[in-house]
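Residues per chain, in single letters:
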Amino acid sequence: MHSKIARVTTLGDLPLRDDLRGQTPYGAPQKRVRVALNVNENSHPIPEDVAHDIIARVAQALLTINRYPDREFTELREALAGYLGHGLTAEQLWAANGSNEILQQTLQAFGGPGRTLLGFAPSYSMYPILAAGTGTTWIAGDRDADYELSPQTAAAWVERTSPDIVILCSPNNPTGTPLSLGTIEAVYAASRGIVIVDEAYAEFAPDGTPSALTLLPGRERLIVSRTMSKAFAFAGARLGYLAADPAVTDALRLVRLPYHLSALTQAAAIGALAHAGEMLAMVDEIKEQRDRIVTVLGELGYSPLRSGSNFVLFGGVEDTSAMFDQLLERDILIRDVGIPGHLRVSAGTEAETTAFLEAMAALSSKS
Ligand SMILES: *Cc1c(COP(=O)(O)O)cnc(C)c1O
């Protein structure tokens, strides 16, 4: 029975929590390909001079790595407040290992057994998974045509389900759909609980688009979540953060693990924020490639949705798994998010985007 080759124990043999039985883990394929456009990363490497400054800061932090890091990551919170602006102060900021951990801590503090989380499907695949992990009941609300979310539709769902937490993805992943401040205001007014606005892609919005950060004054139940994983080209470093009333951070202190942000992570993130302008230098270029994807896919006869992010969801695909495979044969990885007739692609570098669009043109002329 103790064979080193065959695995005989399965999940079913373990005393797993009943509410986790039958659940599936997050599973975006991680494959080594020439053109990886599947998880909405910034596919431009960070500038080399910034990398060298970060290395120096990480090296400095290593000299005292025998000690626990600053549990309050004060310098990082000050840097994040400075980056966000909007008059925010460090005591309104909180950070964690990716915004996924930010959302998890929020659910640990405000959700849990007997409580509910309302989101609007299709949305970020992690929301129901984080709900399951924290024992929170997930409620999937609907959207309007073209995956838009009007104040009326959203508020009606809040009134009907009276959730403990509402999560709004702005712009929405995987559809790219921008969300108006009007919808956020209506949801907040209709709800009795926490309202999270996940602004993971905020930096890719058209110039002049107001952030939900502008709604924070006077709304102590509102949380705006951000990440350095996308526009900041820092996905591998794992740094997400939120802005909210200082009392919200007091709630999160009750559930976070002590010293959850390593000294190396703190040093790296502070270094990246010190070069925010350079780190974000490719954002305009990525937006151009996104707009190019929308235009060219439209010309090829597909139905791309409007996008305020660094990716595009497009419909009009007859056989999504066949197209996914045919692109993969060409060493191009995109994402099948499970919406019938639709696939999602991230805007890459100009060369990566060209490779994708040329492959799409070749595949379309064949069929
Ligand atoms: C990518 C993404 C995140 C970011 O996750 P991190 O843990 O910060 O890397 C959060 N929310 C949405 C909607 C995303 O698409």
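Calculation criteria
- Residues numbered from 1 in each chain as written.
- Predicted model: local features only at pLDDT ≥ 70, side-chain atom pairs only at ≥ 80, totals over all residues.
- Heavy atoms only, no water.
- Buried < 20%, exposed > 50% of the residue type's maximum accessible area, 1.4 Å probe, protein only.
- Helix = DSSP H or I, 4+ residues; strand = E, 2+ residues; numbered from the N terminus.
- Pairing = 2+ DSSP bridges.
- UniProt positions renumbered as here; feature names shortened; annotations may be inferred.
- Polar contact = N/O pair within 3.5 Å; in protein donor to acceptor, adjacent residues only side chain to side chain.
- Near = heavy atom within 4 Å.
- Areas by Shrake-Rupley, 256 points an atom, 1.4 Å probe, with all protein chains shown as cover.
- Patch = residues over 30% accessible without salt bridge, like charges linked within 9 Å, V, L, I, M, F, W, Y side chains within 5 Å.
- Salt bridge = Lys/Arg side-chain N within 4 Å of Asp/Glu carboxyl O.
- Axes fitted to C-alpha atoms, helices over the stretch in contact; angles between N-to-C directions.
- Domains from an automatic or database assignment.
- Contact = heavy atoms within 4.5 Å.
- Buried area = accessible area lost by both parts, 1.4 Å probe.
- Nonpolar A, V, L, I, M, F, W, Y, C, P; charged D, E, K, R; others polar.
- Lys, Arg positive; Asp, Glu negative; His and termini not counted.
- Charge placed at Lys NZ, Arg CZ, Asp CG, Glu CD.

Q: Would you explain the pairing of strand S8 (residues 240-244) in this entry?
A: Regular strands have side chains that alternate between both faces of the sheet. By the criterion of burial, S8 is predominantly enclosed, with five of the five residues buried. Of the two faces of S8, both are covered, the one formed by Gly240, Leu242 and Ala244 as well as the one formed by Tyr241 and Ala243. Relative to S8, strand S2 (residues 93-96) runs antiparallel, the two being bridged by four bridges. Directly across from Ala96, in S8, lies its bridge partner Gly240. Here five bridges tie strand S7 (residues 222-227) to S8, and the two strands are oriented antiparallel to one another.

Q: Can you walk me through the UniProt feature "modified residue: N6-(pyridoxal phosphate)lysine" (unreviewed entry) in the chain in this structure?
A: When the UniProt feature table is mapped onto this chain, "modified residue: N6-(pyridoxal phosphate)lysine" (unreviewed entry) is found at Lys230. Lys230 gets classed as buried once you look at its relative accessible area, which sits at 13%. Within the structure, Lys230 has its side chain in polar contact with the side chain of Tyr201 (distance 3.1 Å).

Q: How do you make sense of the site of the ligand when you look at a structure like this?
A: Near the ligand there are 14 residues, and of these Ser99, Tyr201, Thr227, Ser229 and Lys230 occur at the shortest range. One of the side-chain N or O atoms of Asn173 is found 2.8 Å from an oxygen atom in the ligand. Contact distances for the ligand include 2.8 Å between an oxygen atom and a side-chain N or O atom of Arg238. Expressed as a share of its isolated accessible area of 390 Å², the protein-covered part of the ligand is 95%.

Q: I would appreciate a short explanation of a nonpolar patch on the surface in the present structure.
A: On the surface, Leu62, Ile65 and Leu264 cluster together into a nonpolar patch covering about 240 Å² of accessible area. Mapped onto the secondary structure, Ile65 falls in the loop between helix H1 (48-62) and helix H2 (74-84). Judged by its relative accessible area of 41%, Ile65 falls in the partly exposed class.

Q: Explain the sheet that holds strand S4 (residues 137-141) here, please?
A: Whether parallel or antiparallel, the strands of a sheet pair through hydrogen bonds between backbone atoms. What the seven strands build is an open sheet, ordered S2-S8-S7-S6-S5-S3-S4; its pairing is mixed. Of all the strands in the sheet, the pair left with one neighbour each is S2 and S4. Strand after strand, the sheet turns through a mean of 25° between neighbouring axes, direction not considered. Of the pairings in the sheet, the one linking strand S3 (residues 116-120) to S4 comprises five bridges and is parallel in character.

Q: Sorry, what's going on with the pattern of salt bridges here?
A: By the definition in use, this model includes 14 salt bridges. The residue Arg256 makes a salt bridge to Glu72 at a minimum N-O spacing of 3.3 Å. Here Glu72 lies in the loop between H1 and H2 and Arg256 lies in the loop between helix H7 (246-253) and helix H8 (263-274), a separation of 184 residues in the sequence. Look at Arg256 and you get buried, because its relative accessible area is 10%. Among the residues examined, Glu72 registers a relative accessible area of 23% and is labelled partly exposed. Among the charged side chains, a salt-bridge network with shared partners connects Glu72, Arg77, Asp250, Arg253 and Arg256.

Q: I would appreciate a short explanation of the domain arrangement of the chain in the present structure.
A: How big an interface is tends to be reported as the loss of accessible area on association of its parts. The domain boundaries assigned to the chain delineate domain 1 (27-44 + 282-366) and domain 2 (48-278). Relative to domain 2, the C-alpha centre of domain 1 lies at a distance of 26 Å. Contact with domain 1, which involves 22 residues of that partner, is made by 23 residues of domain 2. A buried area of about 1,700 Å², summed over both sides, lies between domain 1 and domain 2, and 58% of it is on carbon and sulfur atoms. For the pair domain 1 and domain 2, the interface holds two salt bridges. Residues Lys287 and Asp207 are paired through a salt bridge, measuring 3.6 Å at the closest nitrogen-oxygen approach. For the interface between domain 1 and domain 2, the tally reads seven residue pairs in polar contact (both at pLDDT 80 or more). Looking at which element gives the most residues to the side of domain 1 that touches domain 2, the answer is helix H10 (residues 283-299), with four residues. In terms of residue class, the side of domain 1 that touches domain 2 is built from eight nonpolar, eight polar and six charged.

Q: Would you mind showing me how to read a negative patch on the surface here?
A: Together, Glu318, Asp319, Asp325 and Glu329 make up a negatively charged patch on the protein surface. Since its relative accessible area comes to 41%, Asp319 is described here as partly exposed.

Q: I tried to follow unusual backbone geometry on my own but got confused; where do I start?
A: Both trends apply: most residues other than glycine have a negative phi, and most peptide bonds are in trans. Omega for the peptide link from Ser170 to Pro171 comes to -10°, which places this bond in the cis form. Among the structural elements, Pro171 can be located in the loop between strand S5 (165-169) and helix H6 (181-190). Residue Pro174 is reached from Asn173 by a cis peptide bond, and omega for that bond is 15°. With respect to the element layout, Pro174 can be found in the loop between S5 and H6. Despite not being glycine, Ala233 shows a phi value in the positive range, around 55°. Structurally, the position occupied by Ala233 is in the loop between S7 and S8. By relative accessible area, which is 18% here, Ala233 ends up buried.

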